Amino acid sequence: MIKERIENLRQVMRREGIDVYLVPTNDFHGSEYVGDYFKCRKYITGFTGSAGTAVITLSEAKLWTDGRYFIQAAAELEGTGVELMRSAQPGVPTIKEYLAETMKKGQVLGFDGRCVSYEYAAELEAVLAKKGVSVAFNKDLIGEIWTDRPGLSKQPVQILDIRYCGQSRTEKLAKIRGMMKEKQADTYVISSLDDIAWLFNVRGNDVKCNPVVLAYATVTAERAVIYAQTEAFSDAVTKELLADGVEIKPYDEVYPDMQNTAPSHTVFADGTRVNYTLMKQLPKQVKVINERNLTLLPKAVKNATEIENERIAHIKDGVAVTRFMYWLKQNIGRITITELSAAAYLERLREQGEHYMGPSFEPIVAYGANAAMCHYSPTAESDTELRPESFVLFDTGGQYLEGTTDVTRTIALGPCTIEQKKQFTAVLKGHLNLAAATFLHGVRGYNLDYLARAALWEMGLDYNHGTGHGVGYYLNVHEEPNGFRWKCVPERFDSAVLEEGMITSNEPGFYLEGKYGIRTENLIVCVKDRETEYGQFLRFENLTMVPIDLDAIDLESMQQIDRDRLNAYHTQVFETISPYLNEEETRWLKEATRQI
């Protein structure tokens, strides 16, 4: 099927005079996860991961993806004729390098400019122009061959009450307009869906697991416009937005409105998020300020209301996950449990929590060798039965009106080898070490990542992903600009100074291909510590309240400081979660959080 689709695409390419066609994962808004309408890369390659770009020539087909998906992509691309290009690995060129090396003078690179960022497409165009290669950015060729393509989502829009978000949209707009004035910008163009949802205090369901609305927005000193599918806005929602000076216009009208921008205007836009086609509509005389979104940092720094609500969300989530762990430990080997049935059971437990709105991402429940694939999610074809041996890794999260959760626990379903315990304990020690960090204001995630890897590096081991990512408030589970990683990756922007109120995941891991995977993840919020003559110190507070499996620990590898940290965390988990459990569950949790 994939080979046939690629050949159909090549026929259209020949007809349109396109020599190479670029197929990214993006929607029109630079989203990490996209709705069904936008899954062109999945359609043309068969690869189901959330990150990757396909390049189709008249004789070759290649897919670039990152280390999270190497194992998964290799399996899914087998037999398709699509070659896996392992990004950032020795000897593997970047897409830009590959195109610059292989394309010849007079050839044409095609892509749908609505699905490629302004900055990336401009860089491609500049690089290829030196070789005499032109760019055709108005070519949605996948759309021409995808005959049963789903329609654009238009789920109902809801207003997020101020008791959850803590700040009105008029206050947020005033802040952004103040920032625009400092930048001397007349118009701020916003394409990223989570920024729009945050700024206007709206939520939707147009991207699975991400409560966002398919929309563009513009802000000027006098006017704010949301361009969206108007039928998704009820009269009541439209009226409330209008009362705050926010106008709703049809989704596609953003393009002619951009064409009508006054030539004397200065437009502020984040070139990494706004799409190429949109920016090409601007008159050439318009000055463009290409910088990171003005909403980026205010969104990442949660206010007091949001942080307190997040604590509430994590209690509800912790109760569900703890009850799941109890059920799993009691029933493994007694009843049939598979990856999918386990995920479904945990989802039913979460649904019992007040204000639960759904999962924050596709659940990762991975048994044995499946867990070695960092972002594996079970399907009907891959669903594996859990047995009383080896590890099961579950990485799941929930969306609540009070916030977004993301937790990973690795559970020993039976006896573990010494090697497994030592690896589990090294991951745990790194997790505890990072959570205990105290640091001066001005520190970035790059500065702290080693704390999470040290125990593994001492064993000559590592993991091929970042240690942590920012998390939105009842928004996207992956949020810039904060995060933890040691390697500077051009396409990542999670290197911001850590600020009070930022929520970040803490998730070191270890993966042994073909055998098992280990990861331990909590969400942590950055809070103020003491202030001295050296400056303001900061630290982290654990939001996640879920026990860590003591059955998988090698006690001999735990120094006293490691034991003290785990004991303190487990005391907090028991005190926080036990009031919501029944007698049997409480008895189990008491033993599961015993002092070591």
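The structure this text deals with has already been given above.
Worth saying up front: this structure is predicted, and the values here are computed from it rather than measured.

S.K.: Mind showing me how you'd approach the overall build of the protein chain here?
M.R.: Along its length, the protein chain carries 19 helices and 28 strands. Compactness check: the protein chain gives a C-alpha radius of gyration of 25 Å against a globular reference of 25 Å for 596 residues, within 12% of the reference. For the protein chain, buried positions account for 58% of its 596 residues. With the model as given, the accessible surface of the protein chain reaches about 24,300 Å², and the carbon-plus-sulfur share is 49%. Put simply, the protein chain has 66 plus and 83 minus side-chain charges, and the middle of one group is 3 Å from the middle of the other.

S.K.: Before we go on, may I ask you to explain helix 15 (residues 339-351) in this structure?
M.R.: One turn of an α-helix holds 3.6 residues; hence residues three or four places apart share an orientation. With 13 residues, helix 15 ought to run about 18 Å at 1.5 Å a step, and its terminal C-alpha atoms sit 18 Å apart, in line with that. Those residues of helix 15 lying buried are Glu-339, Ala-342, Ala-343, Leu-346, Leu-349 and Arg-350. Down the axis of helix 15, the buried set is contained in an arc of 120°. They therefore lie on one face. On its buried face, helix 15 sits against helix 14 (304-331), strand 15 (356-359), strand 16 (364-367), strand 17 (391-396), strand 18 (398-400) and strand 20 (407-412).

S.K.: Please clarify how the layout of surface pockets should be interpreted in this entry.
M.R.: Take a probe with the size of a water molecule and roll it over the atoms, and the empty space left behind shows itself. Put simply, the second largest pocket is a space of about 310 Å³. Looking at the second largest pocket, it is lined by 18 residues, and the ones nearest its centre are Arg-292, Asn-293, Leu-296, Leu-297 and Pro-481. Within the residue set of the lining of the second largest pocket, elements represented by two or more residues are helix 8 (169-183) and helix 13 (296-300). The leading source of residues in the lining of the second largest pocket is helix 13, at 3 residues. Looking at the lining of the second largest pocket residue by residue, the class counts come to 11 nonpolar, 2 polar and 5 charged.

S.K.: Can you help me understand the sheet that holds strand 2 (residues 53-57) in this one?
M.R.: Hydrogen bonds between backbone groups are what pair the strands of a sheet, and the pairing can be parallel or antiparallel. One open sheet accounts for 6 strands, arranged 4-3-2-1-5-6; its pairing is mixed. The sheet terminates laterally at strand 4 (83-86) and strand 6 (134-136), the two strands that pair on one side only. In this sheet, neighbouring strand axes are inclined to one another by 25° on average, regardless of whether the strands run parallel or antiparallel. Here strand 1 (residues 20-23) runs beside strand 2; their pairing, made up of 4 bridges, is antiparallel. Of the residues in strand 2, the one forming a bridge with Leu-22 is Val-55. Packing against the sheet, helix 1 (residues 2-16) makes contact with strand 1, strand 2 and strand 3 (61-65), and its axis sits at approximately 60° to strand 2. Seen against the sheet, helix 4 (residues 95-102) touches strand 1, strand 2, strand 3 and strand 5 (108-110) and runs at an angle of roughly 10° to strand 2.

S.K.: Help me understand the pattern of salt bridges in this model?
M.R.: A side chain with one charge can pair with a side chain of the opposite charge if their charged atoms come near. Under the counting rule described, the total for this entry stands at 46 salt bridges. Among the ionic pairs, Lys-299 bridges to Glu-479, the shortest N-O distance being 3.6 Å. Here Lys-299, found in helix 13, pairs with Glu-479, found in strand 23 (residues 479-484); they are 180 residues apart in sequence, far enough to count as distant. Grouping residues by exposure puts Lys-299 and Glu-479 together as buried.

S.K.: Mind showing me how you'd approach the environment of Asn-433 here?
M.R.: Relative to the elements of secondary structure, Asn-433 occurs in helix 16 (residues 418-435). The class for Asn-433 is partly exposed, based on a relative accessible area of 23%. For Asn-433 and Met-258, which are 175 residues apart along the polypeptide, the C-alpha to C-alpha distance reads 50 Å. The residues contacting Asn-433, other than those within four sequence positions of it, are Leu-451 and Arg-565.

S.K.: So what exactly am I meant to see when it comes to empty space enclosed by the protein here?
M.R.: One pass over the full model with this rule turns up 3 cavities of 30 Å³ or more. By volume, the largest cavity amounts to about 110 Å³. As for the largest cavity, its lining consists of 14 residues, of which Tyr-21, Pro-24, Cys-40, Asp-112 and Cys-115 are closest to the centre. For the lining of the largest cavity, the element with the highest residue contribution is strand 1, accounting for 3 residues. For the lining of the largest cavity, the class distribution of residues is 10 nonpolar, 1 polar and 3 charged.

S.K.: Would you explain a nonpolar patch on the surface in this entry?
M.R.: A surface patch of nonpolar side chains, amounting to about 340 Å² of accessible area, comprises Tyr-450, Trp-457 and Trp-486. Here Trp-486 is to be found in the loop between strand 23 and strand 24 (503-506). Given a relative accessible area of 41%, Trp-486 falls into the partly exposed group.

S.K.: Explain the sheet that holds strand 17 to me, please; I cannot follow it from the model alone.
M.R.: With antiparallel pairing, the 3 strands of this open sheet are ordered in space as 16-17-20. Unpaired on one side and paired on the other, strand 16 and strand 20 mark the two borders of the sheet. On average, each strand axis in the sheet is tilted by 10° relative to the strand beside it, whichever way the strands run. Across 4 bridges, the pairing between strand 16 and strand 17 is antiparallel. Bridge pairing links Ile-364 to Asp-395 in strand 17. Sitting on the sheet, helix 14 touches strand 17 and strand 20, and the angle it makes with strand 20 is about 15°. Sitting on the sheet, helix 15 is in contact with strand 16, strand 17 and strand 20, with an inclination near 145° to strand 16.

S.K.: What am I meant to see in the state of the cysteines here?
M.R.: The bond known as a disulfide is covalent and runs between the sulfur atoms of two cysteines. Per the stated rule, a full pass over the model turns up 0 disulfides. Between Cys-115, a free cysteine, and Cys-40, which holds the nearest cysteine sulfur, the sulfur-to-sulfur gap is 6.1 Å. The closest cysteine sulfur to the non-disulfide-bonded Cys-209 is located on Cys-374, 17 Å from its own sulfur.

S.K.: Explanation requested: the packing of helix 14 against helix 15 in the structure shown.
M.R.: In helix packing, the relevant descriptors are the interaxial angle and the interaxial distance, both defined with respect to the helix axes. Between helix 14 and helix 15, the least distance of the axes is 9 Å, while the angle of their chain directions is 140°. Classified by the angle between their axes, helix 14 and helix 15 sit oblique to one another. In the crossing of helix 14 with helix 15, the sense of the turn from one axis to the other is right-handed. Residues Asp-317, Ala-320, Val-321, Arg-323, Phe-324 and Trp-327 of helix 14 form the contact with helix 15, whose own contacting residues are Ala-342, Tyr-345, Leu-346, Leu-349 and Arg-350. Here the contact of helix 14 with helix 15 is composed, by residue class, of 8 nonpolar, no polar and 3 charged.

S.K.: What should I look at first to understand the pairing of strand 2 in this one?
M.R.: Side-chain direction in a regular strand flips from residue to residue, so the side chains alternate between the two faces of the sheet. Burial runs high along strand 2: 5 of the 5 residues are buried. Every second residue of strand 2 is oriented toward a common face, with Thr-53, Val-55 and Thr-57 on one face and Ala-54 and Ile-56 on the other, all of them buried. As paired elements, strand 2 and strand 3 share 4 bridges and run antiparallel to each other. Of the residues in strand 3, the one forming a bridge with Ala-54 is Leu-63. Between the end of strand 2 and the start of strand 3, which pair antiparallel, lie 3 residues.

Rules and cut-offs
- Residues numbered from 1 in each chain as written.
- Predicted model: local features only at pLDDT ≥ 70, side-chain atom pairs only at ≥ 80, totals over all residues.
- Heavy atoms only, no water.
- Helix = DSSP H or I, 4+ residues; strand = E, 2+ residues; numbered from the N terminus.
- Rg over C-alpha atoms; globule rule 2.2 N^0.38 Å.
- Buried < 20%, exposed > 50% of the residue type's maximum accessible area, 1.4 Å probe, protein only.
- Areas by Shrake-Rupley, 256 points an atom, 1.4 Å probe, with all protein chains shown as cover.
- Lys, Arg positive; Asp, Glu negative; His and termini not counted.
- Charge placed at Lys NZ, Arg CZ, Asp CG, Glu CD.
- Expected span 1.5 Å × (residues − 1).
- Arc of directions from axis to C-beta.
- Contact = heavy atoms within 4.5 Å.
- 1 Å grid on protein atoms, 1.4 Å probe; cavity = no way out; pocket = protein on both sides within 12 Å on 5 of 7 lines; lining within 4 Å.
- Points joined across faces, edges and corners; volume = space filled by probe spheres on them.
- Nonpolar A, V, L, I, M, F, W, Y, C, P; charged D, E, K, R; others polar.
- Pairing = 2+ DSSP bridges.
- Axes fitted to C-alpha atoms, helices over the stretch in contact; angles between N-to-C directions.
- Salt bridge = Lys/Arg side-chain N within 4 Å of Asp/Glu carboxyl O.
- Patch = residues over 30% accessible without salt bridge, like charges linked within 9 Å, V, L, I, M, F, W, Y side chains within 5 Å.
- Disulfide = S-S within 2.5 Å.
- Parallel < 35°, antiparallel > 145°, perpendicular 65-115°, else oblique.
- Left-handed = near helix turned anticlockwise from the far one by under 90°.

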